[in-house]
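Fold and geometry: a report
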Amino acid sequence: MEKRFEELLKNIKEQINEQLPDMDKEEQEGFFYNLNEWSYEQYEKSMSEDECEMQNYEEE
C-alpha cells in the first residue's frame, strides 16, 4: 500500500479512537458493524474489478 494511503488509514483510525469515548457500547457496536459492512462492500468491489480486468485479458 502506498505511503499516502497508509497515512490516510492511520488518520481515520485516530479519528475513530478519539470519538470512541463518546459512544456507549451499543453505539460502538452499531458503528463498527456499519463500518465493517461498508468496508467489506468496498473490498468486494475492488476484487470484482480485478476479476473483470483479468477476464478481459484472458479473452484477448
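You'll find the structure just up there.
Our subject in this report is the structure included herewith. Quick caveat: nothing in here was measured; it's all calculated off a predicted structure.

Assigned secondary structure in the protein chain consists of two helices and zero strands. Burial statistics for the protein chain: of 60 residues in total, 5% are counted as buried. About 5,900 Å² of surface is accessible on the protein chain, with carbon and sulfur atoms providing 50% of the total.

On the surface, a nonpolar cluster with roughly 470 Å² of combined accessible area is contributed by M1, F5, L8, L9 and I12. Checked against the element boundaries, L8 lands in helix α1 (residues 3-19).

With that settled, the discussion passes to a negative patch on the surface. A cluster of acidic residues, E6, E7, E14 and E18, forms a negative patch at the surface. Residue placement: E6 occurs in helix α1. Overall, the relative accessible area of 38% leaves E6 in the partly exposed class.

As a further point, take the pattern of salt bridges. A complete count under the given rule lists two salt bridges for this structure. Note that R4 and E2 form a salt bridge whose closest N and O atoms lie 2.9 Å from each other. The partner of E29 in a salt bridge is K25, and the shortest N-O contact between them spans 3.6 Å. Of the two residues, E29 and K25 both sit in helix α2 (residues 25-59), four residues apart, roughly one turn of that helix. Look at E29 and you get partly exposed, because its relative accessible area is 46%. The exposure class of K25 is exposed, given its relative accessible area of 62%.

Thresholds, definitions, all that
Residues numbered from 1 in each chain as written. Predicted model: local features only at pLDDT ≥ 70, side-chain atom pairs only at ≥ 80, totals over all residues. Heavy atoms only, no water. Helix = DSSP H or I, 4+ residues; strand = E, 2+ residues; numbered from the N terminus. Buried < 20%, exposed > 50% of the residue type's maximum accessible area, 1.4 Å probe, protein only. Areas by Shrake-Rupley, 256 points an atom, 1.4 Å probe, with all protein chains shown as cover. Patch = residues over 30% accessible without salt bridge, like charges linked within 9 Å, V, L, I, M, F, W, Y side chains within 5 Å. Salt bridge = Lys/Arg side-chain N within 4 Å of Asp/Glu carboxyl O. Lys, Arg positive; Asp, Glu negative; His and termini not counted. Charge placed at Lys NZ, Arg CZ, Asp CG, Glu CD.

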